[in-house]
Amino acid sequence: KILVIGACGQIGVELTLALRKMYGDTNVVASDLREEHDLLKGTGPYVSLDVMNKEMLHVLVIRHNITQVYLLAAILSATGEKNPLLAWHINMQSLLNVLDIAKEENLDKVYWPSSIAVFGPNSPAQDTPQHTIIEPTTIYGISKFAGERWCEYYNHRFGVDVRSLRYPGLISYKSAPGGGTTDYAIEIFHEAKEHQHYTSFLSENTYLPMMYMPDAIRATIELMEADAAKINVRSAYNLSAMSFSPKEIGAEIKKHIPGFTMAYAPDYRQEIADGWPNSIDDTLARQDWGWKPEYDLARMTEDMLKNI
Ligand code: VAH
């Protein structure tokens, strides 16, 4: 059985629904600190879980015959900068709890998301390679980089089959995002629909790697379904779909909402975004397990505006 931790978050809701479709509703136990998300209600078992409570997590894994864990609970980049020590503690201890229980209970597989946030201002900004200078400048990025090192360590040292992806900024409409720097690309759609105007907290030419949630969910499942022998990266795979700037996504939205206008008021998140890559080289994900994105900016924009 699969346990999803952080099942009520932006990724968690959609990943839980996708896993239930694939493996059967009762075979996917959803858990979160928060109360059950409306979209999950009635779709399968739900338990309240604080992943920081290792004993509680261990009991839950045994009681529900869990064989795979997807750990999605984390404090993201923007929120993390407001309380760095808390973000470090939550992002690291949650992972260490899961990795150690995976080792002790000999779980089949573990999934844990990393992020392009592991890269910093000294990494090559264009087509950032899998192996390069990695000097994260946000606590979120530092915790994701450290987490990657722990994942690789538990795999090489204890044989835990833990797999990970460096997600770009993820855009979706089913569940609210949780304090990310890339979340302007979600807000913009809601504002465009409601007010035909959006003031971006990132400057107009801030290019960032981005991905539509359906691609991210499919990448996650394809990675986890791949034969272990094909997984040559046990830190976290670079993953890419598209890159765009606030100006470009604004122009794309304008094709659907002609009266849409934008303004720019960069805030503290500008510095975070400036330290991240403009684009990512995901050659290894394509070579090792056949990754291929299906949504570009035009197709995502059309789908987002149709559904929100
Ligand atoms: C964030 N959405 O902004 C997350 C993601 C690459 C960005 O890690 O913090």
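Everything numeric here is computed off the predicted structure, so don't read it as measured data. (Residues numbered from 1 in each chain as written. Predicted model: local features only at pLDDT ≥ 70, side-chain atom pairs only at ≥ 80, totals over all residues. Heavy atoms only, no water.)

This part takes up the overall build of the protein. Scanning the protein from N- to C-terminus turns up eleven helices and 14 strands. Against the compact-globule benchmark of 19 Å for 308 residues, the protein has a radius of gyration of 19 Å, which places it among compact chains. Along the first, second and third principal axes, the C-alpha set of the protein runs to 55 × 45 × 40 Å. Of all 308 residues assigned to the protein, the portion counted as buried reaches 56%. If you take every contact in the protein between residues at least 6 apart in sequence, the share linking residues at least 24 apart comes to 79%. The distance from the centre of the 28 positive side-chain charges to the centre of the 39 negative ones in the protein is 4 Å. (Helix = DSSP H or I, 4+ residues; strand = E, 2+ residues; numbered from the N terminus. Rg over C-alpha atoms; globule rule 2.2 N^0.38 Å. Buried < 20%, exposed > 50% of the residue type's maximum accessible area, 1.4 Å probe, protein only. Contact = heavy atoms within 4.5 Å. Lys, Arg positive; Asp, Glu negative; His and termini not counted. Charge placed at Lys NZ, Arg CZ, Asp CG, Glu CD.)

UniProt marks residues 2-230 with the feature "domain: NAD-dependent epimerase/dehydratase" (unreviewed entry), using the numbering shown here. Counted over residues 2-230, helix gives 42% and strand 17%. Its end C-alpha atoms are 22 Å apart. (UniProt positions renumbered as here; feature names shortened; annotations may be inferred.)

Moving on, we come to the layout of surface pockets. By volume, the largest pocket amounts to about 850 Å³. Around the largest pocket sit 43 residues that line it, and Leu72, Ala73, Ala74, Ile75 and Leu76 are the ones nearest its centre. Those elements giving two or more residues to the lining of the largest pocket turn out to be helix 1 (10-23), helix 3 (77-82), strand 6 (114-115), helix 5 (139-158) and strand 9 (169-171). For the lining of the largest pocket, the leading source of residues is helix 1, giving three residues. Split into classes, the residues belonging to the lining of the largest pocket amount to 23 nonpolar, 15 polar and five charged. A volume near 280 Å³ is recorded for the second largest pocket. If you trace the second largest pocket, you find 15 residues lining it, with Glu14, Ala18, Lys174, Pro214 and Ile217 closest to the centre. Going through the elements one at a time, helix 1 and helix 7 (213-225) are the ones with two or more residues in the lining of the second largest pocket. The class makeup of the residues in the lining of the second largest pocket is eight nonpolar, one polar and six charged. (1 Å grid on protein atoms, 1.4 Å probe; cavity = no way out; pocket = protein on both sides within 12 Å on 5 of 7 lines; lining within 4 Å. Points joined across faces, edges and corners; volume = space filled by probe spheres on them. Nonpolar A, V, L, I, M, F, W, Y, C, P; charged D, E, K, R; others polar.)

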